[in-house]
Amino acid sequence: TQARYALPGVISDFMKNYPHVSLHMHQGTPQQISDAAAKGEADFAIATEAMHLYSDLVMLPCYHWNRCILLKPDHPLAQLSEKVTIEDLAKFPLVTYVFGFTGRSALDKAFQRKGLKPRIVFTATDADVIKTYVRSGVGVGVLASMAIMDELDSDLVKIDVSHLFEASTTKIGFRKGTFLRSYMFDFIER
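Residues numbered from 1 in each chain as written. Predicted model: local features only at pLDDT ≥ 70, side-chain atom pairs only at ≥ 80, totals over all residues. Heavy atoms only, no water.

Section: the overall build of the protein
Part 1: Broken down by element type, the protein carries 7 helices and 8 strands.
Part 2: In terms of overall size, the protein behaves like a compact globule, its C-alpha atoms giving a radius of gyration of 18 Å where 190 residues would be expected to give roughly 16 Å.
Part 3: When its C-alpha atoms are laid out on the principal axes, the protein stretches across 55 × 35 × 25 Å.
Part 4: The long-range fraction of contacts in the protein, counting pairs at least 24 apart against all pairs at least 6 apart in sequence, stands at 73%.
Part 5: Accessible area for the protein stands at about 10200 Å²; split by element, carbon and sulfur atoms hold 53% of it. (Helix = DSSP H or I, 4+ residues; strand = E, 2+ residues; numbered from the N terminus. Rg over C-alpha atoms; globule rule 2.2 N^0.38 Å. Contact = heavy atoms within 4.5 Å. Areas by Shrake-Rupley, 256 points an atom, 1.4 Å probe, with all protein chains shown as cover.)

Now the structure itself:
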């Protein structure tokens, strides 16, 4: 989700300003990402979940974001608008992120606070895959609001549910003691 929706503008601008810097993005599990950065195989780790894995890195907050639900227009929750509750969501099958990816723990915590268990029927690491399964009628999508594109997703109903879930913070990290070149500072700032 971060690579597809948050980073394209950042990377595009960065590449225009630093055309001789080679940039390679590797996606992986939180464990894979933290290991690569800790071993010096990657300059930066960008992560939202499992911050305990990043204890060897300096982790700086980048931005906060929250969730929405995504529904087919004929779904019963589509009529509730922003009045959706955790109890409402608990009645329906959910399609969301794999645990450990993109703020999933905030979803689980919100249900736990109410003594409920979400009925998660399908998980994926990619928001576009989640949207595909919402379209096919598998369940209600719970995903990052930034992943909804008004034109591309106009066939679905988006409802903001930031009132139900804690905001998540995406962070960027690098190894302690790393010599940061000026272009690296610029990338962090972006």
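Now that the structure has been shown, the text picks up again.
What about the nonpolar core?
Part 1: Counting residues in each nonpolar core, the largest one holds 18 residues, and the members touching the most others are Ile69, Leu89, Val140 and Phe165.
Part 2: Secondary-structure elements contributing two or more residues to this core are strand 3 (67-71), helix 4 (86-90), helix 5 (104-113) and strand 6 (140-144).
Part 3: If you tally residues by element for this core, the top one is helix 5, at 3 residues.
Part 4: If we skip the residues at most four places from it in the chain, Leu89 touches Ile69, Leu77, Val84, Leu94, Phe111, Val140, Leu164 and Phe165.
Part 5: In this structure, Leu70, Val95, Ala144 and Ile148 belong to the second largest nonpolar core, which totals 15 residues. (Core = buried A, V, L, I, M, F, W, Y, C linked by side-chain atoms within 4.5 Å. Buried < 20%, exposed > 50% of the residue type's maximum accessible area, 1.4 Å probe, protein only.)

Side note on the sheet that holds strand 1 (residues 45-47)
Part 1: Here 3 strands make up an open sheet; going across it, the order is 1-8-2 and the pairing antiparallel. Of all strands in the sheet, those with a lone pairing partner are strand 1 and strand 2 (57-65), marking the two edges. Each neighbouring strand pair of the sheet contributes to a mean axis angle of 20 degrees, computed without reference to strand direction.
Part 2: Two strands pair when backbone bridges link them, and strand 1 and strand 8 (residues 168-175) are joined in this way by 3 bridges, in the antiparallel orientation. Within the sheet, the bridge partner assigned to Ile46 lies in strand 8 and is Ile172.
Part 3: Packing of helix 3 (residues 30-38) onto the sheet brings it into contact with strand 1, strand 2 and strand 8, and relative to strand 1 it is tilted by some 155 degrees. (Pairing = 2+ DSSP bridges. Axes fitted to C-alpha atoms, helices over the stretch in contact; angles between N-to-C directions.)

Here we look at the sheet that holds strand 5 (residues 120-124)
Part 1: Spatial strand order, 5-4-6-3-7: 5 strands in an open sheet with mixed pairing. In the strand order of this sheet, the two ends are held by strand 5 and strand 7 (157-160), each with one partner. Here the average twist between neighbouring strands, direction ignored, is 30 degrees.
Part 2: Both strand 4 (residues 94-97) and strand 5 contribute to a ladder of 4 bridges, which runs parallel. The residue of strand 5 that forms the bridge with Leu94 is Ile120.

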